[in-house]
Amino acid sequence: MFAAPTSIDQIVSDFDGVTFHISTPTSKTKILISINIKCYKELVQYGAEQVLQREYQDYIVQPESGYDFSVEIDLENLPADEDARTDLISRLSLLKRNAMAAPFEQAFDEYQALHEEASKYTSESAPQGVLEGGQVRAIHYREEEAIYVKASHDRVTVIFSTIFREETDRIFGKVFLQEFVDARRRAIQNAPQVLFRHDPPLELQGMPGLPPSGTADVGYVTFVLFPRHLQPARRYEVISHIQTFRDYFHYHIKASKAYIHSRMRRRTADFLQVLRRARPEVEEKERKTASGRTFRLPTPTTFFADHQPFNVSQSLFNYPARSRITVKMPPRYFKNDEPLSSRDPHKQLIASLTRLVCQHPPAEVRAGGGIYNGPTSVAYLFLVLQQLYSDLIIEGIQLGTWSATYLKQSQDHIKSFPGPRVGKCGIADDILALLAIGAASSKDADMAAELCDYSAEVLDDASENEWLYGRAGYLYYLRLAKAAFVDDARISQMITDTQDDVVEAILKSERPWKWHGKSYVGAVHGLIGIITQVTLTDPERYSRAVEADLSVLLTYQYESGNWPSSLPPGKDKLVHVCHGAPGVVNSLLSIKDHFPKLQSRIDSAIRKGRDCILERGLLTKEPCLCHGISGNALALDDEHCQHFLTYTTGHEMKGLEKDGLVEKSDSPESLWCGEAGRAWAWAVMDKGLPKRLLGYNDI
């Protein structure tokens, strides 16, 4: 079925100054397609009319005023056969290609004739005309650039003259063209020979209108097509590719410059951030943001250094004379002295999801990161929210469709994912994430089985136990998949057996559990994260197995209410979900009912931890779940959680960014490091859900 005909009047500009006019001047059912090409008169000299007559036959009409060639398609008189209609559409889309093909076809035919004539002679006896080849066909298709085609008895030479307006373009061009040469030398022996020079090649000697020799702005790119490229079966493809070389070449020069400029801008931003952090100390201890928030400057950090000039061969720990140096660090948190406030969580959820899809559309999100960051993490958020908000529409699209679109971005890059391997088999692995989400969302038993098959990498002695890259994260994926198979005893038992193997491997590991040789305490890499994942896997079976570990963890709490990031305890400085009280408190809230013997100690630890979060938890990092205000808020009671989340609204963040008070995230779209996590926090408040961290202890 075709759509009803409608009036058309569109002018379309193509590369090389070519213009198309698509219109319906007489009837909605008759589409007139016209083309204007700068070099059309030259193309006519080389047989363009014959080529176009061959391709379009009865569709050709008198050229429209201001255009060189026109065809008219009667929608009421299309070919009856579907293949014939498809072929017609294809030929119409190649109108420019077919017009530009004429000089190439003529040169290829001339090569064939010269080749047959030369085969009658030896190289010494051949007539001069056969050896020298045919005429040079010049196609001045751009204002100052041309294509030259010359046939010989053993080759066809195609020369592009191109203008380099800037010195950087000449440098990039030389690098790219050298790659053509090297590629043919290394691996692609059947490729045409490619040459580049600033002087006109010998084939162009005597051609009128060429710029003076040695002009740096002009370059000549020569392709030498040998007999293997000129076979009748390959002619069509060769002509299609070679006539677009100039566009391909300059596009890649511009793309490379844009990429380097983006890297330079990012490096400049990094340098500016370093300079901002190196501001000299001033007397003021507090400042106000544009929206009236107050933030506290931390106490300057002091360390010792030598008076003498730094010597790279000297140990940093063996300075003979030391002096006290004060280094001003950026503020870690805002002072929490504002009256309690709140925002409408439903409106903020919609605003957050709208920012997410508009500022970080699926095609622009860098793949990788499992459900921690990247497109899979965003897809998982939308998948979960779809079950809570079945009728919610964001930018005209349902949440389930957004989930599928972000998931496709990951699936399109699946070949680039290394897959689960020893030491990299936790929540950040994309293959495990795709398998678990697929098994859970579609009840796919094969995907669940494949997820369990990766237990070999997880159980390897070299794999570690933490959540982000280790066994604890794998346990979350197993719980996610298992929830979909409660009515399938066989698959459920298979997942349970895998869980048992993984938990057994964790419990047999030497204490304290380490990651990269260091004993961490927090939710992402440390002790509380492992305890939480083991407990939630099967509370009745495993809570007693980790009770002693949890009891020890409670003793690590500082007087401030915070926990150290690692052992042995060092400075009390990080108040994050990943390292510090927020992650421990949120974990304890989700598992405390399974440890009745520790109930009073856990309740006391939660109270002290929340006091610490209230004092130092309004972080200056971009609000997120892992190390930002959103995650910290989910460790508090409802009233203070809502207050913390008021710092994560779009308006508030714009003010903080304007004042340079927010440290930007490297994954601003993601579930644990960006906007998706902020949306989850608003959804928790909107629906009155238990304050859990999505991807960690929500299952």
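Residues numbered from 1 in each chain as written. Predicted model: local features only at pLDDT ≥ 70, side-chain atom pairs only at ≥ 80, totals over all residues. Heavy atoms only, no water.

By the naming in an unreviewed UniProt entry, the protein goes by Actin-related protein 2/3 complex subunit 2 and is assigned to Aureobasidium pullulans. The Subcellular location (unreviewed entry) field of the UniProt record for the protein holds the comment "Cytoplasm, Cytoskeleton". As its UniProt record puts it under Sequence similarities (unreviewed entry), the protein is described as follows: "Belongs to the ARPC2 family." (UniProt positions renumbered as here; feature names shortened; annotations may be inferred.)

(A) Focus on the overall build of the protein. Within the protein one finds 25 helices and 19 strands. In the protein, which comprises 699 residues, the proportion classed as buried is 49%. The contacts of the protein with a sequence gap of at least 6 include a subset with a gap of at least 24, amounting to 66%. Carbon and sulfur atoms provide 51% of the accessible area of the protein, an area that totals close to 34,700 Å². (Helix = DSSP H or I, 4+ residues; strand = E, 2+ residues; numbered from the N terminus. Buried < 20%, exposed > 50% of the residue type's maximum accessible area, 1.4 Å probe, protein only. Contact = heavy atoms within 4.5 Å. Areas by Shrake-Rupley, 256 points an atom, 1.4 Å probe, with all protein chains shown as cover.)

(B) Up close: unusual backbone geometry. Of note, the bond from Arg511 into Pro512 is cis; its omega dihedral lies within 30 degrees of zero at -10°. The topology assignment puts Pro512 in the loop between helix H16 (489-508) and strand E18 (519-520). Residue Pro568 is bonded to the preceding Leu567 through a cis peptide linkage, with omega at -5°. Relative to the elements of secondary structure, Pro568 occurs in the loop between strand E19 (566-567) and helix H20 (581-591). Backbone geometry places Glu395, a non-glycine residue, at a positive phi of 55°. Along the chain, Glu395 falls in the loop between strand E16 (393-394) and strand E17 (397-398). Despite not being glycine, His516 shows a phi value in the positive range, around 55°.

(C) Geometry of the side chain of Asp169. Here Asp169 is to be found in helix H6 (residues 167-186). What makes Asp169 buried here is its relative accessible area of 12%.

(D) Spatial organisation of the sheet that holds strand E10 (residues 218-225). What the five strands build is an open sheet, ordered E6-E7-E8-E10-E9; its pairing is antiparallel. Two strands lie at the open edges of the sheet, namely strand E6 (136-139) and strand E9 (193-197), each paired on one side alone. The average undirected angle you get between the axes of adjacent strands in this sheet is 15°. Where strand E7 (residues 146-151) and strand E8 (residues 156-163) come together, six bridges link them in antiparallel fashion. Looking across to E8, one finds that Ile147 is bridged to Phe160. Sheet strands in contact with helix H4 (residues 95-118) are E6, E7, E8 and E10, and its direction is about 20° off that of E7. (Pairing = 2+ DSSP bridges. Axes fitted to C-alpha atoms, helices over the stretch in contact; angles between N-to-C directions.)

(E) Highlighting helix H23 (residues 638-645). For H23, the complete set of buried residues consists of His640, Cys641, His643, Phe644 and Leu645. On its buried side, H23 packs onto helix H21 (599-616), helix H22 (629-633) and helix H25 (675-687). At the N-terminal end of H23, a side-chain oxygen is found 3.2 Å from the backbone nitrogen of Glu639, two or three residues along, and the residue is Asp637. (Polar contact = N/O pair within 3.5 Å; in protein donor to acceptor, adjacent residues only side chain to side chain.)

(F) Region of the structure containing the sheet that holds strand E2 (residues 19-23). Taking strand neighbours across the sheet as the criterion, the five strands line up as E1-E2-E3-E5-E4 in an open arrangement whose pairing is antiparallel. Each of the sheet's edge strands pairs with one partner strand only, and the pair in question is strand E1 (9-13) and strand E4 (60-61). Of the strand pairs in this sheet, strand E3 (residues 30-36) and strand E5 (residues 69-74) are connected by six bridges, and their pairing is antiparallel. The partner of Ile33 across the bridge, within E5, is Val71. Each of E2, E3 and E5 is contacted by H4, which is oriented at about 45° to E3, the strand it contacts most.

(G) A look at the UniProt feature "binding site: Zn(2+)" (unreviewed entry) in the protein. As recorded in UniProt, the sites labelled "binding site: Zn(2+)" (unreviewed entry) are Cys578, Cys626 and His627. For the residues just named, distributed over 50 residues, the greatest C-alpha separation is only 6.3 Å, placing them together at one site. With respect to the helices, strands and loops of the structure, Cys578 is situated in the loop between E19 and H20. Residue class for Cys578 comes out buried when judged on its relative accessible area of 8%. Other than its neighbours up to four places away in sequence, Cys578 contacts Gly522, Ala523, Val524, Cys626 and His627. Here His627 is to be found in the loop between H21 and H22. Once you skip the residues sitting within four places of it in the chain, His627 turns out to touch Tyr372, His576, Cys578, Leu619, Lys621 and Cys673.

(H) Structural detail: the pairing of E5. Pairing geometry for E4 and E5, over two bridges, is antiparallel. Looking across to E5, one finds that Ile60 is bridged to Val71.

(I) Just the pattern of salt bridges, in detail. Applying the stated criterion across every chain, the model contains 27 salt bridges. The closest approach of N and O atoms between Asp109 and Arg235, which form a salt bridge, is 2.9 Å. Highlighted residues: Asp109 in helix H4 and Arg235 in helix H7 (residues 232-242), separated in sequence by 126 residues. With a shortest N-O distance of 3.9 Å, Glu145 and Arg142 are connected by a salt bridge. Note on Arg142: relative accessible area 25%, which makes it partly exposed. Overlapping salt bridges bring together Asp16, Lys96, Arg142, Glu145 and Arg246 as one network. (Salt bridge = Lys/Arg side-chain N within 4 Å of Asp/Glu carboxyl O.)

(J) View of a positive patch on the surface. Together, Arg332, Lys518, Lys571 and Lys573 give the surface a local cluster of positive charge. You can see Lys571 is positioned in the loop between E19 and H20. (Patch = residues over 30% accessible without salt bridge, like charges linked within 9 Å, V, L, I, M, F, W, Y side chains within 5 Å. Lys, Arg positive; Asp, Glu negative; His and termini not counted. Charge placed at Lys NZ, Arg CZ, Asp CG, Glu CD.)

(K) Region of the structure containing the state of the cysteines. By the definition in use, this model includes zero disulfides. Among the cysteines around Cys673, which has no disulfide bond, Cys626 carries the closest sulfur, lying 5.3 Å off. (Disulfide = S-S within 2.5 Å.)

(L) Molecular detail of the pairing of E3. With five of seven residues buried, E3 is to be regarded as a mostly interior element. Relative to E3, E2 is paired through five bridges, and the arrangement is antiparallel. If you follow Phe20 over to E3, its bridge partner there is Ile35.

(M) Expanded view of the packing of aromatic side chains. The full count for this structure, using the stated rule, is 20 aromatic pairs. Arranged with centres 6.2 Å apart and planes meeting at 50°, the rings of Tyr56 and Phe69 form a pair that is tilted. In this pair, Tyr56 sits in helix H2 (residues 48-56) while Phe69 sits in strand E5, placing the two residues 13 residues apart along the sequence. An identical accessibility class is assigned to Tyr56 and Phe69; each is buried. Put simply, the rings of Phe160, Phe164, Phe196, Phe223, Phe245 and Phe249 pair up and form one aromatic cluster. It is Arg97 that lies over the ring of Tyr236; its NZ or CZ is 3.9 Å from the centre. Geometry around Tyr389 places Lys687 over its ring, the cationic atom sitting 4.6 Å from the centre. (Phe/Tyr/Trp six-rings, centres within 6.5 Å; stacked < 30°, edge-to-face > 60°. Lys NZ or Arg CZ within 6 Å of the ring centre and 35° of its normal.)

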